[in-house]
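Residue-level structure breakdown
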Amino acid sequence: MSRLTALPSGAAVDTGALAAFNFRDMGGWHLLTNDYGQFLMLSSADFSRFMAGKVVAGDPLYAELESRGFLKARLDFKQLAANYVKKNSFQWFPGPSLHMIVVTLRCNQKCQYCHSSVVDPSRTDTDMDVETARKTVDFIFSTPNPTICIEFQGGEPLLNWPVVKFITEYAQAKAKAGNRKLLMALVCNFTLMTEDKLDFLFDHHVSICTSLDGPAELHNKNRPFLGGGEAQQKVVYWLEKIQERCNADEKKKHYLPGALMTTTRFSMDYGPEIVDLYVKLGLEQIFLRPLSPIGYAKRVWKDVGYEAEEFVRFYEKTLDYIIDLNVSGKSDIMERMALILLSKVVKGEDPGFMDLRSPAGAVLGCLAYNYNGEIFVSDEGRMVDHQGDPLFRVGDVAKSDWISVIDHPTTRACVSASTLDNQPMCHQCAFKPYCGVEPVFHYETQKSVFGQMPTSGWCVSHMGIFDVIFRKLRDPRARRVLDKWLERDQCRWQESEAVPAGQPEVVR
Amino acid sequence: MILDTDVKERSVSFDVPKKIYSMDALRIAAQILAPKIDVYLDETKAAYEVTLKAKRRDAGEAQLTALAGEFGNELLNQEYRFIVGRFNHKISSLIVTQALMAARGGETPAEAPAGESAPEFKKLVADMVRNAEAEVARTMPKKIPHQGTPLPPVKEDAGV
Amino acid sequence: MKSTKNISKQRPQAAVPKKVAVVSPQLSSSDAAFSLDVKTYGLESVLGAAYLMMDKAYVSLSGDRAKSVVVTLRAKDPAAIKPKALAEEFLLDLASQKIRWAVAKNNLPIREFVAEQAVLIANGRVAPSSAAAAPPEPPAEQLTDDQRAEIEKLISEVEAEIKTMNDKKVVPDPKNIKASWEEKQEQENKA
């Protein structure tokens, strides 16, 4: 059967009493979902009864189906609408909250897969200058969302440290003057970190995140220094140092550094070892993400890439290992992708992950600003531009206002293409309420912002991950672990309470 | 689909029935596959007569057949997308309009807050700019002129 | 796209597959073909099932959307899947597509209504539901026949109302954002 799965051959069906739903054969049981984010896991026998219209009042299953909006005659329209509002909260947001500023394309590393299309440290023509930085911040503050998150990216942002400092201070001054909530984050490779820089970042409440692909042999293979050399030791050194400072000061506990890993072909055999390193370093989460063939990664895909099915197998195996660690009590490390999906599936909330929204977060949720002031629908869109295709450029901080960016034809095309009701396969998929498509990914891989889902690597990997997560939800042992993760995640958000407007605040 | 391949010309021809496929789908499919093929079109009353010419010079019989198959699949992708889009158009239009209008935040851009007009604020910003520029001049390597063109587009056989 | 005369002087006539029984494929060494009555299956189901085969097959369609569509499947990797297996998979998906589309069509007005209600709630034009404030509804098994009939009547009325609301275009669109580029061009040309 196709990847959407099919009904058993010869199944008796009476559709008259059934409300709108999508289903999925999970092998031995069935998943039902609807547009309002409700789901039910049914035994195959119960699913057959449901499809045949044989679940009647008085049957315990009837109450379950009714409460979740699967019975046409028993729909609570107001409740379903309220579920829809909560699940799709991002659709009501006034503009993007995440603004990624690429302060330079220069980098001192030559990562095998680098999306960012970096250049060597001599290329100072790719440094953002102070005037462009000022205009970028002005543009960001002209967007309507009362909450702004600025994330420094590169290249290696620490190579343009004066501009990082300027943007931080200027943005905080503007946030205070305009009563806006501001969060700031820095993504860097740690190899150029110093105590002075760290002091500044702490003093200005800038969250810090780095890349840590795994044990030294893996990390150094993926992310060598330009000209060769091993970087992992420095990453570990600064992770530990920053943790030490945070743990020594109660006020800094929300600024514990984060780490992200990038999965390459070389990572496939290292799942448990990568997790063990994250555990050893006391990191709270690990994010198992697939590498996307966008920008420079597309050029070297034959060397570093893999099939979507391979990633799903790696994901399941590594997630199993993480769950085992939790069950045994050896660690309570969480997996970030699972946490994102669980927030959507179990809590019916939007966790703010741009790629899995309908419509996607491009422009609506995030914008990317290149070193020269050009504005892109996302960082991936910026990488496409660096490869010679300006399709995803929607403005320039020197010339454009917010209205021209949101009205841009590319913006509208991305929003339309990533609305799952416009997607032929997605509109029938059981994972539709929780999933999303990424227009830049599909443009890069399939030459169309809409893409072609049956042959899409994005679709294969995300369907595979959802399959894994729902199977874990059905497994009581794994479910206990996942529920604890959700509870901890909720506590964490509650702890970082509302901060007076204009004051700097941590972002995770 | 009956294919007529000409390996010497690197071309493959076939009919696309008008009672199944639309010109819109043809145009979009041609655009999507443009990195791999040039598309030539003729038509009869009943069908579009499509000829694909491969851009790769080493395209053989198997590659030409595969290109025709890809083109046919892309036609189906577009036609079915039109059907789904029309079916769900009220909901998808509602979502798209709502998302865009909410993100817009109103008809006109908000004015800068009053606090930013204050002389103290302007002085603060001027000082920040001056200090930052001085630090750049003092600590950063000299800025070189723009070094030119971005990377060329990746070749289509990148294996993705 | 360029227009030109035929570049091949002797192009063979497209072979018309024999009409096949509705559920029986015509199998060759490389292809599986079906002739499907559009009234029986619905165009959406036929194209939907064909669409889902695109990861493993090249799919071509012929015939007439209004009457009968011939779906021909050819494996992308003939060693991995034979025409018979393609045919079996297609038939399974075709049956499922028929159900999926039937459910979708039965419920479209309700989905549209709920989506509109959500937009109105989010924009503050309708108060959100308050489960605590509403009186508890009787469990379904306690409903009388009259109550059940009333509910069915209410659902029909809601569906009719939705259709009317949709015609009035409840959601304002002063900037004509909903219009496609082509529609806008047409409007500008007319103006």
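Residues numbered from 1 in each chain as written. Chains lettered and ligands numbered in written order. Predicted model: local features only at pLDDT ≥ 70, side-chain atom pairs only at ≥ 80, totals over all residues.

So, on to the overall build of chain B. Along chain B, the regular secondary structure elements total four helices and four strands. Each helix and strand of chain B, placed in order from N terminus to C terminus, yields the pattern β-β-α-β-β-α-α-α. Whereas a compact globule of 160 residues would reach a radius of gyration of roughly 15 Å, chain B reaches 28 Å, over 25% beyond that. Summarising the internal contacts of chain B: among those between residues at least 6 apart in sequence, 62% fall at separations of at least 24. (Helix = DSSP H or I, 4+ residues; strand = E, 2+ residues; numbered from the N terminus. Rg over C-alpha atoms; globule rule 2.2 N^0.38 Å. Contact = placed C-beta atoms within 7 Å.)

The next thing to look at is the overall build of chain A. In terms of helices and strands, chain A carries 19 helices and 14 strands. Here chain A has a C-alpha radius of gyration of 23 Å; the compact-globule value for 508 residues is 23 Å, and the two agree. With respect to the three principal axes, the spread of C-alpha positions in chain A is 70 × 50 × 45 Å. With 508 residues in all, chain A has 56% of them scored as buried. (Buried ≥ 20, exposed ≤ 12 C-beta atoms within 10 Å, placed from the backbone.)

Residues and elements named next belong to chain A. Across the sheet, which stays open at both edges, the three strands sit in the order E1-E2-E3 with antiparallel pairing between neighbours. Two strands close off the open sheet at either side, each with one partner strand: strand E1 (22-25) and strand E3 (39-43). Neighbour-to-neighbour, the strand axes of the sheet open up by a mean angle of 20 degrees, direction not taken into account. Where strand E2 (residues 29-33) lies against E3, five bridges are found, and the strand directions are antiparallel. Looking at E3, one finds that Leu31 is bridged to Met41. (Pairing = 2+ DSSP bridges. Axes fitted to C-alpha atoms, helices over the stretch in contact; angles between N-to-C directions.)

According to the domain assignment, chain B contains domain 1 (4-88) and domain 2 (113-141). For domain 1 of chain B versus domain 2 of chain B, the distance between C-alpha centres works out to 58 Å. (Domains from an automatic or database assignment.)

Turning our attention to the domain arrangement of chain A. All names here are of chain A. Taken domain by domain, chain A consists of domain 1 (15-87) and domain 2 (93-405). The C-alpha centroid of domain 2 is placed 39 Å from the C-alpha centroid of domain 1. Taken residue by residue, the interface counts five residues in domain 1 and four residues in domain 2.

At the interface, 52 residues of chain A touch 51 residues of chain B. The set of elements that each furnish at least two residues to the side of chain A that touches chain B consists of helix H4 (130-142), helix H5 (161-178), helix H10 (296-299), helix H11 (301-304), helix H15 (402-406) and helix H16 (409-417) of chain A. Counting residues per element, the side of chain A that touches chain B draws most heavily on H5 of chain A, which supplies 10 residues. The residue inventory of the side of chain A that touches chain B, partitioned by class, reads 21 nonpolar, 16 polar and 15 charged. (Nonpolar A, V, L, I, M, F, W, Y, C, P; charged D, E, K, R; others polar.)

Let's shift gears to the packing of helix H14 (residues 379-386) of chain A against helix H17 (residues 439-446) of chain A. Residue and element names in this part refer to chain A. At their nearest, the axes of H14 and H17 sit 8 Å apart, and the two run at 30 degrees to each other. In terms of their interaxial angle, H14 and H17 are classed as roughly parallel. Between H14 and H17 lies a crossing whose hand is left-handed. Taken together, the residues of H17 that come into contact with H14 (itself represented by Glu380, Gly381 and Val384) are Val440, Phe441 and Glu444. (Parallel < 35°, antiparallel > 145°, perpendicular 65-115°, else oblique. Left-handed = near helix turned anticlockwise from the far one by under 90°.)

Bringing the pairing of strand E11 (residues 366-369) of chain A into the picture now. All names here are of chain A. Here E11 shows a buried face lined by Cys366 and Ala368 and a second buried face lined by Leu367 and Tyr369. When strand E4 (residues 98-102) meets E11, the two strands line up parallel, connected through four bridges. Pairing of His99 across the sheet is with Leu367, part of E11. From the end of E11 to the start of strand E12 (residues 374-376), which pair antiparallel, there are four residues, and Gly373 there has a positive phi angle of about 90 degrees.

Another aspect to go through is the environment of Ala126 of chain B. Residue and element names in this part refer to chain B. Along the polypeptide, Ala126 turns up in helix H4 (residues 119-139). We classify Ala126 as exposed; it has 10 C-beta atoms within 10 Å. Distance from Ala126 to Lys55, taken between C-alpha atoms, is 56 Å for residues 71 residues apart in sequence.

Residue and element names in this part refer to chain A. In this structure, Met51 sits in helix H1 (residues 44-51). Judged by the 24 C-beta atoms lying within 10 Å of it, Met51 is buried. The spacing of Met51 and Val13 is 38 residues in sequence and 5.0 Å in space, taken between C-alpha atoms. Leave out the neighbours within four places in its chain, and Met51 touches Ala11 and Val13.

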